[in-house]
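Structure at a glance
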Amino acid sequence: MKIAILPGDGIGTEIMAEAVKVLNVLDLKLETEQALVGGAAYEAHGHPLPESTLNLAKSADAVLFGAVGDWKYDKLERQLRPEQAILGLRKHLGLFANFRPAICYEQLTHASSLKPELVAGLDILIIRELTGDIYFGQPRGRRVAIDGHFPGAEEAFDTMRYSKPEIERIAHVAFQAARRRNKKVTSVDKANVLETFQFWKDVVTEVHAQYPDVALDHMYVDNAAMQLVKAPKAFDVVVTGNMFGDILSDEAAMLTGSIGMLPSASLDKNNKGLYEPSHGSAPDIAGKGIANPLATILSAAMMLRFSLNQPEAAARIESAVRSVLSAGLRTGDIWSEGTRKVGTREMGDAVVAALVTTTTITKG
Ligand code: NAD
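Here's what I pulled together on the structure shown here. (Residues numbered from 1 in each chain as written. Predicted model: local features only at pLDDT ≥ 70, side-chain atom pairs only at ≥ 80, totals over all residues. Heavy atoms only, no water.)

Some remarks on the sheet that holds strand 10 (residues 237-240)
Our working rule: Strands are treated as partners if at least two bridges between them are detected by DSSP. In this description a helix means any DSSP run of H or I spanning at least four residues, a strand means any run of E spanning at least two, and both kinds are numbered starting from the N terminus. Axes here refer to lines fitted to C-alpha atoms; in helices the fit is confined to the stretch in contact. Angles between the N-to-C directions go from 0 to 180 degrees. When checking whether two residues touch, look at their non-hydrogen atoms; a contact exists if any pair is within 4.5 Å.
A sheet is described by the order of its strands in space; here ten strands give the open sequence 2-1-3-12-11-4-5-10-8-9, paired in mixed fashion. Strands with a single pairing partner mark the edges of an open sheet, and in this sheet they are strand 2 (31-34) and strand 9 (215-220). Strand-to-strand twist in this sheet, taken as the mean axis angle between neighbours without regard to direction, amounts to 20°. Alignment of strand 3 (residues 62-67) against strand 12 (residues 273-277), held across three bridges, turns out to be parallel. Across the sheet, A62 pairs through a bridge with G273, a residue of strand 12. In the packing of helix 3 (residues 51-59) onto the sheet, contacts are made with strand 1 (2-8), strand 2 and strand 3, and the angle to strand 1 comes to roughly 140°.

Comments concerning the packing of helix 6 (residues 164-179) against helix 7 (residues 195-208)
Each pair of packed helices can be summarised by the angle the axes make with each other and by the distance between the axes. Here is the rule: Each angle receives one of four descriptions, namely roughly parallel if under 35 degrees, roughly antiparallel if over 145, roughly perpendicular if within 65 to 115, and oblique otherwise. Less than a right angle of anticlockwise turn of the near helix away from the far helix marks a crossing as left-handed, whereas a clockwise turn marks it as right-handed.
Contact geometry for helix 6 and helix 7: axes closest at 9 Å, N-to-C directions at 50°. Judged by the angle between their axes, helix 6 and helix 7 are oblique. Judged by the sense of rotation from one axis to the other, the crossing of helix 6 with helix 7 is right-handed. For the pair helix 6 and helix 7, contact is made by K164, I167, E168, I170, A171, H172 and F175 and by F199, W200, V203, V204, E206, V207 and H208, respectively.

Observations regarding unusual backbone geometry
Which entries qualify depends on this criterion: Exposure categories follow from relative accessible area, calculated using a 1.4 Å probe and restricted to protein chains: below 20% of the type maximum is buried, above 50% is exposed, and the middle band is partly exposed.
Cis peptide bonds are those with omega within 30 degrees of zero, and the linkage from Q138 to P139 qualifies with 0°. Structurally, P139 is set in the loop between strand 5 (123-129) and strand 6 (141-144). Despite not being glycine, D133 has its phi angle at roughly 75°, a positive value. With respect to the helices and strands, D133 occurs in the loop between strand 5 and strand 6. The exposure class of D133 is buried, given its relative accessible area of 1%. Despite not being glycine, N271 has its phi angle at roughly 70°, a positive value. With respect to the secondary-structure elements, N271 resides in the loop between strand 11 (263-267) and strand 12.

Quick look at the structure:
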């Protein structure tokens, strides 16, 4: 099993070092190869996604990605900015299904801005379609309006569109994911206003006929945004388009209180994927050794489960993370009175130690 390791920029290199440490103590035959991406790749090769990095990502069974970006690159022309590397990888690897779990660990319920009883035990999965919708629809641009409220005025426009196969494949992904969980899918749309999302709703309903064991309901996106803060535990799997998913997955992330804890996966049609923490490169804390590495470590667990078919190893990592939290270790972002503040490396070492202990127990 070959894994492409792309640490990226800012805290990317620090958190990735801890995830690699965790992967290395597992009793698995993993081959890892590292490459530059984002601003680091731009500095070395003049492009955020050099050919060599893309080829490595293509040849690997999975990609573990840190984070990219820094404010110092904001003045570069768009296609040279670090964030373009993510878009390029999504496009070239055909990653159309984005998995964003929002899990609220019992030990961290206080970190949420919602009442503990609303989020304790929260475990929902937002599945966002990643390669279509208004973000990629053509035509788009600026022009002089020929109609509308102000004919003759300058205007900008984008195109929202989804084809039937695009909706079918993400619907299948959602129903199959729900089968491994609590067997409930909520499809989020804006069918009352948008033609594209009336079509979305019709196609999801059609695909549902193949999954009679999974419950399906439909919800308008404005209501979904409200229900996520009112009764988030009522959801199991949420499936939606690119733009609504972009917004709702960040809202769901915040229910848990800490972005430093949340992994994510972007999968292709064969379950090959790119795994990364939900947060960015955090330039404000880069190099200080205080970033939370758990989102990246949990991304590695997702990678073992979804792309490398190692569910037991994934579960072991997740349980090691839980035990470290139960022992009271916290990085600054999740620290609270009465717990012990640790740095990035110490947190990674604690997860490794918890894994080694469980290995020793398992092996008798
Ligand atoms: P960010 O997620 O990097 O940081 C937001 C806040 O959360 C900061 O205060 C940061 O210190 C904190 N934070 C983030 N991750 C943390 C962790 N693991 N441990 C502790 N604290 C953590 O978002 P931003 O500041 O808006 O963006 C910074 C850069 O990251 C920008 O260049 C942006 O474009 C880029 N970015 C990249 C990705 C990605 O690589 N997938 C995603 C989002 C943003």
